[in-house]
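Descriptive structure summary
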Amino acid sequence: MHADLARRCNNTVRVLTAVWLAALPVCQDAAAADAAVHWAFRAPRAPRLPRVQARDWPRNAIDYFVLARLEVEGLRPSSPADRATLARRAAITLTGLPPSPAQLRAFLADPAPDAYERLVDRLLESPAYGEHAARYWLDAARYGDTHGLQMDNMRSIWPYRDWVIQALNDNLPFDRFTVWQLAGDLLPGATAAQRVATGFQRCNVSTNENGAIPAEFRARYAIDRVSTMGTVWLGLTTGCAACHDHKYDPLSQTEFYRLVAFYNSVAEKGLNEDALAPPPAIKVPTRLQEAKHRRLQSLLATASEETGAKRDVLRQLRRLEAAFPWTMVMRDLSRPRDTHVLLGGRYDRPGRQVEPGVPAVLPPLPPEAPRNRLALARWLVDPAHPLTARVTVNRIWQQHFGTGLVRTSEDFGTRSQPPSHPALLDFLATAFLHCGWDLKAMHRAVVTSATFRQSSRCTPRLRERDPANRLLARGPRFRLDAEVIRDVALAWSGLLVGELGGPSVRPYQPAGLWEAVSYPSSSTAHYRRDRGRALYRRSLYTFWKRTAPPPALQLLDAPTRETCVVRRLRSNTPTAALVLLNDVQFVEAARGMARRTRRQGGSTQDQVRFAFLLVTARDPTAAELEILLDLLDRYRQAYRRDPTAAAQLLDVGDLDSDGVRDDVIAAAWTMLASTLLNLAETIHQH
Amino acid sequence: MHAAERLWRRHFLSRTTLGIGTAALAGLLDRENPGTAAPTAQRAQRPHVPPRARRVIYLFMSGGPSQIDLFDPKPNLLERFDEELPESVRMGQRLTTMTAGQRRFPIAPSRFRFAQHGQSGAWISELLPHLSTVADELAIVRTVHTDAINHDPAITFLQTGSQVPGRPSLGSWVSYGLGSANDQLPTFAVLQSRWSASLEAQALSARLWGTGFLPTRHAGVALRSEGAPVLYLADPPGVSRALRRDMLDGLARLNQLHLADSGDPSVADRIAQYELAFRMQDAIPQLANFADEPRHILDLYGPDVQQPGSFAANCLLARRLAQHDVRFIQVFIRGWDHHADLPRDLALQCRDVDQATAALIRDLRQHGLLEETLVVWGGEFGRTTYCQGKLTAGDYGRDHHPRCFTMLLAGGGIRPGISYGQTDEFGYNIADRPVHIHDLNATILHCLGLDHRRLVFRFQGRDFRLTDVHGHVVRELLS
């Protein structure tokens, strides 16, 4: 598979570069003709590869665009990052996990010229890639494990989350990824997976508040679905037009409700009845259950009736089927509901009736297409659509560089900031179409570019010229996202449990948070944390109660998952510092890291080097080593004076203290590990 | 790099007592996403209009207290006990589905006595004897109205100006607009209280003090009465303050080296944030400990004040936070949703809040803080004049009523001793001077020196406001 993927990606990039060197027909005149139209509403055209002076710098087409701009600005690209930093950077950006020391060693020992490309391929093939990529998508999908409003009961839709991971790992082309989620249920002979995928549109918050009016909430859900589709695929703030014509973008209120009409016939009640999986919902076996089901069915075929074996297998089958998890899906009513413009966005003030349709500023629907979600989904991924590809590649860019080429990745409308590199954006968009919406190929193209491989060091001159690195004269540098910070800590501690999928888990959380906001009769009124392996799963499996989201993740800027978010802010607060210093999860991770470090053996210096290398992927400088050794010594002295304190520290978290013979030393190393986990360098991409 | 180092040293040397405001630090705090910060964020730090209040204490009665039993007397209704509320009054307005199906809408006059209090002669129910003693400090606004008819949308609307989740809360707007006034406490603090009526009470949500699309640092920080007063505030067992100090010193030195190597100014910010966290660890537990409060102050708030997490304890904590210049303090108490057994449950809830609310106002006054602190008291909507469920002489329930309800304002910028606005003879519709939630929020911001039309944040290509495209400052409420 590695080889296959590498070939495909290489082909894509080679073809692209060749194509662009040869220049696709570029219709400058046509481009000039519709210059009056906002750039994002014009279909992207393949731009010519720009001429550059430093022709030995570019590694792929991306670099020509970046370099051309730098040369215009009189800037030079930074030197490449050292290989260890690059390995860390690639692993974190593609999988959300650090390279293991062994991976790092193997990469550093690999003299082949394409060692880095092969590392990237391995990362793209690792299941952790799908988990990490899914986490961004789940922010956009506003995925949560509760209904979100009022009672905020638990909801079962995690099979959708697992579908996203699987689809991304399988590299399902983005056009199909889109169609399945928006209209999988409408595909002829829809498979279970295609129906599970439609959970995307059931992730909206819903209510069952006593006294709430179902029609009001049905209208609200439809508006939410249109707004989400607008942000994720169109990069447009359609929501404004729910109440009035859009003030800035060419979207009238009527057009908005034409979009709503696509979503207005969902066979749902409006109130969720506090059910685990309010209809429409289906039961789907997990992979394990599916395998077991097949086995039982073949047993059934051969089991003898007389011995009662058949009855026994049947009973097992029924029990197994009953245990299949529910997941919420889309299904439309057989007779569609009428859709009206809602005056002022109010469900009880219907204006004129509208039919499903798309905004006039965008390409029309094919005349013969039925006016349903399937047609809408296919329209979004039509190669002529100006927005979908641009908006999607921009999010890929944002993932790897911290900021999109269009900074406002949620808004490509007339009020958005223009892209920093318009031609590059269009290049990537057309390349994305050209390679068949191949997400992994696009990730690979970005992270193997010379642009991505630059050192992230910021000289005073660059800081003055371009503090936000919009010109890309240096590599990416930004604070890691909440989930990544927790996951890398778990990885370094050796505690991370790398299982894929399954019901959400409940790791450590301070007491009383759910109780403080919940109805006592809510199914999520009380938080009972898990024990054992479930404590150490990746953060995207953490149970998401929307009225009280995971607190440590929140303090590190995770959204609440009540609405679609495609761009997180990154804050720098004292409360976030307190999480990393004091959260049981991080203290326990420090314990794990300390244990792992000491098991390496060798001198104290060797061990300090090992721990430092773990979190930074580099050797400490002499000055750093001195500070760390001095700290370790202070910690040791303090715990020698107070061995009880050492024992207390080692009691934090469920991790047992097997093999620890000397509390004082173990506690001192725990503090040193905690120090390392709190380094700015540790929690940054760089 | 040199500047950062100086700054770092300064923080090390000045990390002691409460109340030191370092402008440099405030500047640092604002610098997230260096180089990309929206310029509006900087502009918003200066008030738009002369501020009358420096901060807000918002006492939030979640569930919707009955205005008709507390502040908006309708003695004329006593004669109409159990009479049908005229259709002409309801005017076909929508009801919740809890009472929309009722065959009758019988008038349920309040069974509580009202009297006039203070020089202003404000009408206040017998359920609030303590509050009545500070009547002359209050502006009683009887004509607040809202768009939403059920709890979740209504509380979200009141807190964020939108019924649909996703917008920043009032407190986070204030934090965004005014910035921090102290360097060791959160700008926006949230306190949740225990209550006495049915425990099956309306839920709250983190979104009510969340930031929507504003930077996360403007989020309300919940101060808790169990465990650490702020999440993750306490050092882990076995880590002494001295050891933490050693660690942070070492950490700062390492980060300093990284700052020099990477040239990333956010590293300097991070060093400062760790110092701020260290100071918070000392400052917040000190605030939550009432040992230094004199007896007569504790007595003022009543016996509940000794119970952490009681409304009384939270009111005293609110005053202490106000003293340290926390900008926005919101005290939540649930349990005001009285669809049935209203007389019993309302009395219980009033007992929770009456003495403490009055004490807070008096205490702020005697500390000289009331002039610069805006106090707000109220819930997300009011309750119907007609009965929900069975009506008897002594017992009744009331459904949600968004068309008129009462909120109280006091302190900074507010004209004291007035009753504002008039409802109709049934207490069902507004007869005179409506105050929409957007108007209320515009007025609150105005008292703080913020123009609700200019306090904007660009998101998704649009300048968002707390008041959307609505809202008027209610000038007659201002002193």
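In this text, all values refer to a predicted model and were calculated from it rather than measured experimentally. Each chain has its residues counted from 1, running along the sequence as written. Chain labels run from A onward and ligand labels from 1 onward, assigned in the order the entries are written. The predicted origin of the model limits local features to residues at a pLDDT of at least 70 and limits the giving and counting of side-chain atom pairs to 80 or more, whereas totals for whole chains, interfaces and linings rest on all residues. Neither water nor hydrogens contribute to the side-chain values; these are computed over all heavy atoms in the structure.

Focus on the overall build of chain A
A helix here means a DSSP run of H or I that spans at least four residues, while a strand means a run of E at least two residues long, and both kinds are numbered starting from the N terminus. Helix and strand content of chain A: 29 helices and six strands. The C-alpha atoms of chain A give a radius of gyration of 27 Å, which matches the 26 Å a tight globule of 686 residues would have. Counting only C-alpha atoms, chain A reaches 80 × 80 × 55 Å along its principal axes. Considering chain A as a whole, with its 686 residues, one finds that 63% of them fall into the buried category. What the globule rule says is 2.2 Å times the number of residues to the power 0.38, and the radius of gyration is computed from C-alpha atoms. Only protein chains enter the area calculation, which uses a 1.4 Å probe; residues under 20% of their type maximum are buried, those over 50% are exposed, and those in between are partly exposed.

Notes on helix α3 (residues 61-73) of chain A
An α-helix turns once every 3.6 residues. As a result, residues three or four positions apart point the same way. All names here are of chain A. Taking 1.5 Å per residue as the helical rise, α3 with its 13 residues ought to reach 18 Å, and the 19 Å between its terminal C-alpha atoms agrees with that figure. If you check which residues of α3 are buried, you get Ala61, Ile62, Asp63, Tyr64, Phe65, Val66, Leu67, Ala68 and Leu70. A distance of 3.0 Å separates the backbone nitrogen of isoleucine 62 from a side-chain oxygen at the start of α3, and that oxygen is part of asparagine 60. Just beyond α3, the residue with positive phi is glycine 74, at close to 75°. Multiply 1.5 Å by the residue count of a helix minus one, and that product is the helix's expected span. Throughout this description, a polar contact denotes any pair of N or O atoms lying within 3.5 Å of each other; where both atoms belong to protein, one of them has to be capable of donating a hydrogen while the other can accept it, and for residues adjacent in sequence the pair is counted only when both atoms sit in side chains.

Examining the confidence of the model for chain B
Residue and element names in this part refer to chain B. Confidence of the predictor at the level of single residues is captured by pLDDT, which takes values from 0 to 100. Averaged over every residue, the pLDDT of chain B is 88; the share at 70 or more is 90%. Only heavy atoms matter for contacts: two residues are in contact if any of them lie within 4.5 Å across the pair. This stretch, residues 1-44, has a pLDDT under 50; its non-local contacts, to residues over four places away or in other chains, come to 78 contacts. With pTM at 0.87, the complex prediction returns an ipTM value of 0.93.

Quick notes on the environment of Pro50(A)
All names here are of chain A. As for its position among the elements, proline 50 is in the loop between α2 (28-33) and α3. Distance in space between the C-alpha atoms of proline 50 and aspartate 63 is 9.8 Å, their sequence separation being 13 residues. Excluding residues that lie within four positions of it along the chain, proline 50 makes contacts with Tyr64, Phe65 and Ala68.

Considering the interface of chain B and chain A
Every contact between the two is made by 84 residues of chain B and, on the other side, 90 residues of chain A. Here chain B meets chain A over a buried area of about 7,200 Å², counting both sides, of which 57% is carbon and sulfur. In short, buried area is how much 1.4 Å probe accessible area vanishes from two parts on joining, totalled over both. If you sort the residues of chain B by the area they bury against chain A, Tyr232(B), Arg270(B) and Gln460(B) come out on top, with a joint share of 11%. Salt bridge criterion: a side-chain nitrogen from Lys or Arg within 4 Å of a carboxyl oxygen from Asp or Glu. Here chain B is connected to chain A by six salt bridges. Close ionic contact of Arg634(A) with Asp246(B) constitutes a salt bridge, the shortest N to O distance being 3.4 Å. Summed over the shared surface of chain B and chain A, the result is 39 residue pairs in polar contact (both at pLDDT 80 or more). Those elements giving two or more residues to the side of chain B that touches chain A turn out to be α7 (151-160), α9 (241-262), α10 (266-288), β16 (457-459) and β17 (462-464) of chain B. Take the side of chain B that touches chain A: its biggest share by element is 14 residues, from α9(B). Its residues assigned to classes, the side of chain B that touches chain A comprises 39 nonpolar, 25 polar and 20 charged. Amino acids are sorted into nonpolar (Ala, Val, Leu, Ile, Met, Phe, Trp, Tyr, Cys and Pro), charged (Asp, Glu, Lys and Arg) and polar (every other residue, Gly among them).

Quick word on empty space enclosed by the protein
Residues and elements named next belong to chain A. The pocket and cavity definitions rest on a 1 Å grid over protein atoms only: a 1.4 Å probe that fits but cannot leave marks a cavity, an open set with protein on both sides within 12 Å along at least five of seven lines marks a pocket, and residues lining either have an atom within 4 Å of a point. Grid points are joined across faces, edges and corners, and a volume is the space filled by probe spheres set on the points. A full pass over the atoms with the stated rule returns 17 cavities of 30 Å³ or more. Here the largest cavity defines a volume of roughly 500 Å³. The wall of the largest cavity is formed by 30 residues, among which Ala133, Tyr136, Trp137, Arg395 and Gln399 lie closest to the centre. Listing elements by their share of the lining of the largest cavity, those giving two or more residues are α4 (83-95), α7 (127-140), α9 (174-183), α16 (388-401) and α18 (439-447). Looking at which element gives the most residues to the lining of the largest cavity, the answer is α7, with eight residues. Among the residues forming the lining of the largest cavity, the class breakdown is 16 nonpolar, seven polar and seven charged. As a volume, the second largest cavity reaches approximately 140 Å³. If you go around the second largest cavity, you meet 16 residues; those closest to its centre are Arg486, Pro507, Tyr508, Ala552 and Leu553.

Some points on the layout of surface pockets
Residue and element names in this part refer to chain A. In this structure, the second largest pocket encloses a volume near 800 Å³. Along its surface, the second largest pocket is lined by 25 residues, and Asp162, Gln166, Pro285, Thr286 and Arg287 are the ones closest to its centre. Secondary-structure elements contributing two or more residues to the lining of the second largest pocket are α8 (158-169), α10 (192-197) and α13 (287-302). Counting residues per element, the lining of the second largest pocket draws most heavily on α8, which supplies eight residues. For the lining of the second largest pocket, the per-class residue count stands at 15 nonpolar, six polar and four charged.

Focus: the confidence of the model for chain A
Taken as a whole, chain A shows an average pLDDT of 92; of its residues, 94% reach a score of 70 or greater. Confidence over residues 18-33 of chain A falls short of pLDDT 50; this stretch has 17 contacts with residues more than four positions distant or in other chains.

Considering the packing of aromatic side chains
Residues and elements named next belong to chain A. Any pair of Phe, Tyr and Trp rings, taking the six-membered ring for Trp, is counted once the centres come within 6.5 Å. Such a pair is stacked with planes under 30 degrees apart, edge-to-face with planes over 60 apart, and tilted for the rest. Applying the stated criterion across every chain yields a total of 36 aromatic pairs over all chains. Taken together, a centroid distance of 5.5 Å and an interplanar angle of 10° make the contact between tryptophan 163 and phenylalanine 177 stacked. Highlighted residues: tryptophan 163 in helix α8 and phenylalanine 177 in helix α9, separated in sequence by 14 residues. Here tryptophan 163 falls in the buried class, since its relative accessible area comes to 8%. Cluster of aromatic residues (ring-pair linked, three or more members): Trp137, Tyr160, Trp163, Phe174, Phe177, Trp180, Phe200, Trp233, Phe432 and Trp437. Over a ring means this: the NZ of a Lys or the CZ of an Arg is within 6 Å of the ring centre and within 35 degrees of the ring normal. One Lys or Arg, arginine 135, reaches over the ring of tyrosine 136 and ends 4.4 Å from the middle of that ring. Its guanidinium or amino end placed over the ring of tryptophan 514, lysine 545 lies 5.6 Å from that ring's centre, counting from NZ or CZ.

A short note on the pairing of strand β11 (residues 405-411) of chain B
All names here are of chain B. With seven of its seven residues buried, β11 lies for the most part within the structure. Examined bridge by bridge, strand β4 (residues 138-145) and β11 share five bridges and lie antiparallel to one another. Residue pairing in the sheet places isoleucine 140 in a bridge with leucine 408 of β11. Two strands qualify as a pair provided DSSP detects at least 2 bridges between them.

Topic: the pairing of strand β1 (residues 55-61) of chain B
Residue and element names in this part refer to chain B. Burial runs high along β1: seven of the seven residues are buried. Neither face of β1 is open: one carries Arg55, Ile57, Leu59 and Met61, the other Val56, Tyr58 and Phe60, and all of them are buried. In terms of strand pairing, β1 meets strand β8 (residues 373-378) through six bridges, oriented parallel. By the bridge assignment, valine 56 is partnered in β8 with leucine 374. Examined bridge by bridge, β1 and strand β7 (residues 328-333) share six bridges and lie parallel to one another. The residue bridging leucine 59 from the neighbouring strand is valine 331, located in β7.

Details of the nonpolar core
Among the buried residues, those of types Ala, Val, Leu, Ile, Met, Phe, Trp, Tyr and Cys that are joined through side-chain atoms within 4.5 Å form a nonpolar core. In this structure, Tyr639(A), Tyr58(B) and Leu59(B) are the most contacted members of the largest nonpolar core, which totals 196 residues. Top element by residues in this core is helix α29 (residues 663-677) of chain A. It accounts for 11 residues. For Tyr639(A), the residues in contact, after removing those within four places along its chain, are Ala645(A), Ala646(A), Leu649(A), Val664(A), Ala667(A), Ala668(A), Met671(A), Gly238(B), Val239(B) and Leu243(B). By size, the runner-up hydrophobic cluster in this structure holds 135 residues, among which are Ala134(A), Ala219(A), Val329(A) and Leu471(A).

Description of unusual backbone geometry
Here Pro279(A) and Pro280(A) are connected by a cis peptide whose omega angle stands at -5°. Structurally, the position occupied by Pro280(A) is in the loop between α12 (253-263) and β1 (281-283). Even without glycine at this site, Asp325(B) takes up a positive phi of about 70°. Structurally, Asp325(B) is set in the loop between α12 (311-323) and β7.

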